[in-house]
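# Structure assessment
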Amino acid sequence: MILAMLTCNYLGRFAPSPTGALHAGSLATALGSWLHARAHNGKWLLRIEDLDLPRCIPGADKIIIQQLLACGLEWDEEVEYQSKRTSFYQNALNELIESEKSFACRCTRKQIEDALLTLGHKKQRHEELIYPGTCRHTKDIVEPCAWRLRVDDEDLRKTVGDFVLRRADGIFTYQLAVVVDDALQGITHIVRGADLLDNTPRQIYLQKQLGYKQPQYLHLPLVLDENNEKLSKQTLAKAIHTDSPENCLKALQAAAQHLGLRDDRLHEESPPKLSKWLEIAIENYRAILKSE
Ligand code: GLU
């Protein structure tokens, strides 16, 4: 089984949102996903997820790119930017609208909250309200409106409900864009942080609705700060320093430690050169895969 995996066609990706520079957590994800691809002799792509412009920081994409290059985590094809791919998302949405799998919704957050209160549940999940189905059967389309996916899976209905594919302000959501991109780019393996784990059932469901193949998923443990919180811009995570090869190696050593790479040669105080270090890391990662 593992051997079959090691020889299959592998296309992986790292898909950061340009909301800030890479920190110890995002570097660990980048390294884990890069190693997973390289250990399978696979290809690895870089996709900048810059759809939610109000959250993006101008220039953060360039900084992330520099940081990855400085750490030797190189990718195989041209960098893709989601902001340049919106026609693909619109096509997928049109397909779902035509097959009546997506419906227009003009509910405000307040209306959804009120409808949920009336139904007797107040439960919230990551600030995302479980949509009570208000507009499911409305045929009129009055812009501006959001477009939601009709969710018929029982578990998903209980946990997220009909989720948004395109917001009323015209922005395509992460769920739609990531599923369309992964499919159109032919991604076979998605290796990302465990913070995204609860998005995966939604994405698999959406893949099914669009007739896409399901990639394999691996969710890596998150790097936590001293308060046991995920490193993020909100928790003021510090950018990794990649201004010298020594600093890159230090950051990579911490990421490798987090990922469970225990080969002593990786953790020496004066480690080998970056390219050699990465080779050892691939070898170590491959050994871990084989032993599983
Ligand atoms: N853009 C997402 C993030 O930075 C990651 C998307 C994914 O890997 O599916 O959190």
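Residues numbered from 1 in each chain as written. Predicted model: local features only at pLDDT ≥ 70, side-chain atom pairs only at ≥ 80, totals over all residues. Heavy atoms only, no water.

Summing up its helical and strand segments, the protein has 10 helices and 10 strands in all. The C-alpha radius of gyration of the protein comes to 21 Å, within 12% of the 19 Å expected for a compact globule of 292 residues. Along the three orthogonal principal directions, the C-alpha set of the protein runs to about 65 × 40 × 35 Å. Counting all 292 residues of the protein, 49% fall into the buried class. Taking as baseline every contact in the protein between residues at least 6 positions apart, the subset at least 24 positions apart corresponds to 73%. For the protein, the accessible area works out to roughly 15,400 Å², and carbon and sulfur atoms hold 52% of it. Counting 37 positive and 40 negative side-chain charges, the protein places the averaged centre of each group 3 Å from the other. (Helix = DSSP H or I, 4+ residues; strand = E, 2+ residues; numbered from the N terminus. Rg over C-alpha atoms; globule rule 2.2 N^0.38 Å. Buried < 20%, exposed > 50% of the residue type's maximum accessible area, 1.4 Å probe, protein only. Contact = heavy atoms within 4.5 Å. Areas by Shrake-Rupley, 256 points an atom, 1.4 Å probe, with all protein chains shown as cover. Lys, Arg positive; Asp, Glu negative; His and termini not counted. Charge placed at Lys NZ, Arg CZ, Asp CG, Glu CD.)

Core analysis: the largest hydrophobic core is formed by 43 residues, its most contacted members being Leu27, Leu31, Leu68, Leu73 and Trp277. For this core, the secondary-structure elements that each account for two or more residues are α2 (24-39), β2 (43-48), α3 (60-70), α9 (245-259) and α10 (274-291). Excluding residues within four positions of it along the chain, Trp277 makes contact with Leu31, Leu249, Leu252, Gln253, Ala256, Arg265, Leu266, Pro271 and Pro272. Residues Leu51, Phe172, Val178 and Leu206 belong to the second largest nonpolar core, which totals 23 residues. (Core = buried A, V, L, I, M, F, W, Y, C linked by side-chain atoms within 4.5 Å.)

Where α2 contacts α9, the axes come no closer than 9 Å and their chain directions differ by 70 degrees. One way to sum up the angle between α2 and α9 is to call them roughly perpendicular. Side by side, α2 and α9 meet where Leu27, Ala28, Leu31 and Gly32 of the first sit next to Ala251, Leu252, Ala255, Ala256, His258 and Leu259 of the second. Of the residues in the contact of α2 with α9, the class split is 8 nonpolar, 2 polar and no charged. (Axes fitted to C-alpha atoms, helices over the stretch in contact; angles between N-to-C directions. Parallel < 35°, antiparallel > 145°, perpendicular 65-115°, else oblique. Nonpolar A, V, L, I, M, F, W, Y, C, P; charged D, E, K, R; others polar.)

When pLDDT is averaged along the protein, the result is 93; 95% of the residues meet or exceed 70. A low-confidence stretch, residues 1-7 stays under pLDDT 50, and its non-local contacts, those more than four residues away or across chains, total 12 contacts. (pLDDT = per-residue confidence, 0-100.)

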